[in-house]
Amino acid sequence: LLPGRWVSSRSREFAGKWHDDAGSPLQLLFQRLDEPDGPVRAHLDHGTDDLAGEVRRLLDLGATDVGPGRGWHVLRDRVGLAFCVTENSPARTRYRDIG
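Calculation notes
Residues numbered from 1 in each chain as written. Predicted model: local features only at pLDDT ≥ 70, side-chain atom pairs only at ≥ 80, totals over all residues. Heavy atoms only, no water. Helix = DSSP H or I, 4+ residues; strand = E, 2+ residues; numbered from the N terminus. Buried < 20%, exposed > 50% of the residue type's maximum accessible area, 1.4 Å probe, protein only. Contact = heavy atoms within 4.5 Å. Pairing = 2+ DSSP bridges. Polar contact = N/O pair within 3.5 Å; in protein donor to acceptor, adjacent residues only side chain to side chain. Salt bridge = Lys/Arg side-chain N within 4 Å of Asp/Glu carboxyl O. Core = buried A, V, L, I, M, F, W, Y, C linked by side-chain atoms within 4.5 Å.

## Overview of the overall build of the protein chain
Here's step 1: When helices and strands are tallied, the protein chain shows 1 helix and 7 strands.
Here's step 2: Counted from the first residue to the last, the protein chain has its helices and strands arranged as β-β-β-β-α-β-β-β.
Here's step 3: The burial tally for the protein chain puts 33% of its 99 residues in the buried class.
Here's step 4: Partitioning the intrachain contacts of the protein chain with sequence separation of at least 6 by distance along the chain shows that 34% fall at a separation of at least 24.

## Focus: the pairing of strand β6 (residues 72–76)
Here's step 1: Of the strand pairs in this sheet, strand β5 (residues 64–68) and β6 are connected by 4 bridges, and their pairing is antiparallel. For G67, the partnering residue across the bridge sits in β6 and is V74.
Here's step 2: Between β5 and β6, which pair antiparallel and follow one another directly, the connecting turn spans 3 residues, one of which, G71, has a positive phi of 90°.
Here's step 3: The pairing of β6 with strand β7 (residues 82–86) spans 5 bridges and is antiparallel. Following the sheet pairing, W72 is matched in β7 by T86.
Here's step 4: In textbook terms, the turn of a hairpin is the stretch between consecutive antiparallel strands, and for β6 and β7 this stretch comprises 5 residues, one of which, G80, has a positive phi near 95°.

## Re the environment of S8
Here's step 1: Among the secondary structure elements, S8 is positioned in strand β1 (residues 5–8).
Here's step 2: Looking at S8, the relative accessible area reads 49%, which means it is partly exposed.
Here's step 3: Considered as a pair, S8 and W18 are 10 residues apart in the sequence and their alpha carbons are 8.9 Å apart.
Here's step 4: Side chain to side chain, S8 and W6 meet in a polar contact 3.4 Å long.

## So, helix α1 (residues 51–60)
Here's step 1: Listed in full, the buried residues belonging to α1 are G53, E54, V55 and L58.
Here's step 2: After α1 finishes, the residue G62 shows a positive phi value of roughly 115°.

## A short note on the pattern of salt bridges
Here's step 1: Per the stated rule, a full pass over the model turns up 2 salt bridges.
Here's step 2: With a closest N to O distance of 2.7 Å, E54 and R57 form a salt bridge. Placement of both E54 and R57 in helix α1 is noted, with a separation of 3 residues, approximately one turn of the helix.
Here's step 3: Taking relative accessible area as the criterion, E54 reaches 11% and is therefore assigned buried.
Here's step 4: Overall, R57 belongs to the partly exposed group, its relative accessible area being 42%.

## Some thoughts on the nonpolar core
Here's step 1: V55, L58, A63, L75, F83 and V85 form the largest nonpolar core, which has 6 residues in total.
Here's step 2: The residues contacting V85, other than those within four sequence positions of it, are H46, T48, L51, E54, V55, L58, G71, W72, H73 and L75.

And the structure:
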């Protein structure tokens, strides 16, 4: 469906990630949930080279803070869907951790 690269995850928690190799800051992360059904089965990862600055910018735009992780920060958009801001800079597509 989408051009770009799919990489299966080594982690049981995730099926894998998709991203393009052109430097887009967005990645699709497909996370396995221990729920039989639900409205959303994947969420966006937004890569940046300034995690704290990008989180502040997105909060100013109306996102809701969920909390930090290790190398990422979870936010919710205005309709309540979770997404992550990650340290996977789009300028470093060759070295992004996408597994």
